Amino acid sequence: MSEGPAARLQQLFEGRRLTPTQRRIAHCMVRRAADVPFLSSVELAELAGVSQPSVTRFAVALGFDGYPALRRHLREVAPAATGQEAETSYNEYQQAVQAEIENLQHLAGLLADPRPVEDAGRLLAASRPLPVLGLRAASSQARGFAYFAAKVHPDVRLLDEGGTMLADRIDAALRAGASALLCFALPRHPKEVVEALAYAQSAGLTVVTVADSAFAPVAKYSDLLIPAAVGTGLAFDTACAPMLLGRVLLEAMCDDLPDAQARLEEFDAKAAARGLFVE
């Protein structure tokens, strides 16, 4: 299947730290992907509901000299639609799904070299306890990882609330013997997460991070960062690739926990005895 204009635009925006106004422009461009190469900056500004200078600043943020340069680039990379491709028109919801499929394909390519994930699995398995950090948009990723990890790891500590006690909880994990911390970091990146990682790293923890980009603000305070892109085609980001990467890290961690299978079998037996799940 050939790459459509919406997918090419998603790749252009991937890994960029965009302001809310710039994200609005990007969202509009994805929705009008076929028309964008032929729109003036004034027309795009009107469609996105922003000012014309905002469109210019957006183009510069993407690395172009200005909006005309961005438009020339889009015209050069947009082949004329022919045959079946010309008849296929995705709506914005389908475009978001297609963008996530591409994010997963990119992740699959990244995992062709399994060494970073295997290294991360060893670090996470060896840390007793294992603190798992994720605030705001990333809290669901951290909570999902911690839920499953607790079935095979003897001591998982979820850090999904910020505030002044966050450093206290990191200290408590260190006193209990923690050697590593796993962080899920997604845009928009909270300042608290960056500060927490800086504190954890300075205190001696090895920081393993799942982030939307290798250039995310948390990269400076991560000993091992594995990127998984988020989708930006909807009003709120979609994070299928980071979630799947979390499950891959779980698998790698299980490989380094010799009693992981026994723990799972024990849980299944207890769940059956308690009638925990409806078959």
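Values in this document were obtained by computation on a predicted structure and should not be read as measured data.

So what exactly am I meant to see when it comes to helix α12 (residues 240-255) here?
An α-helical turn contains 3.6 residues, so a residue and the one three or four places further along point in the same direction. End to end, α12 covers 23 Å across 16 residues, agreeing with the expected 22 Å (1.5 Å per residue, within 8%). Turning to α12, its buried residues number three or more, namely Ala-241, Pro-242, Leu-245, Gly-246, Leu-249, Leu-250, Ala-252 and Met-253.

So what exactly am I meant to see when it comes to unusual backbone geometry here?
Peptide bonds are mostly trans, and most non-glycine residues show a negative phi. At the junction of Arg-128 and Pro-129, the peptide bond is cis and its omega measures out at 5 degrees in the coordinates. Locating Pro-129 in the fold gives a position in the loop between α8 (115-126) and β1 (130-133). Residue Arg-188 is reached from Pro-187 by a cis peptide bond, and omega for that bond is -5 degrees. Even without being a glycine, Arg-136 presents a positive backbone phi close to 55 degrees. Residue placement: Arg-136 occurs in the loop between β1 and α9 (139-149). With relative accessibility at 69%, the residue Arg-136 sits in the exposed group.

What is the right way to read the nonpolar core from this model?
General note: in soluble globular proteins, nonpolar side chains tend to be found buried as a group. The biggest cluster of nonpolar side chains holds 32 residues, and the ones touching the most others in it are Val-132, Phe-145, Leu-182, Phe-184, Leu-249 and Met-253. Only α8, β1, α9, β2 (156-159), β3 (180-185), β4 (206-211), β5 (224-227) and α12 provide two or more residues apiece to this core. At six residues, the largest contribution of residues to this core is made by α12. If near-sequence neighbours (up to four positions away) are discounted, Leu-249 is found in contact with Val-117, Ala-120, Phe-145, Leu-182, Val-210 and Ile-226. Judged by nonpolar contacts, the second largest core, of 26 residues, contains Ala-6, Ala-33, Leu-44 and Phe-64.

Cut-offs and rules
Residues numbered from 1 in each chain as written. Predicted model: local features only at pLDDT ≥ 70, side-chain atom pairs only at ≥ 80, totals over all residues. Heavy atoms only, no water. Helix = DSSP H or I, 4+ residues; strand = E, 2+ residues; numbered from the N terminus. Expected span 1.5 Å × (residues − 1). Buried < 20%, exposed > 50% of the residue type's maximum accessible area, 1.4 Å probe, protein only. Core = buried A, V, L, I, M, F, W, Y, C linked by side-chain atoms within 4.5 Å. Contact = heavy atoms within 4.5 Å.

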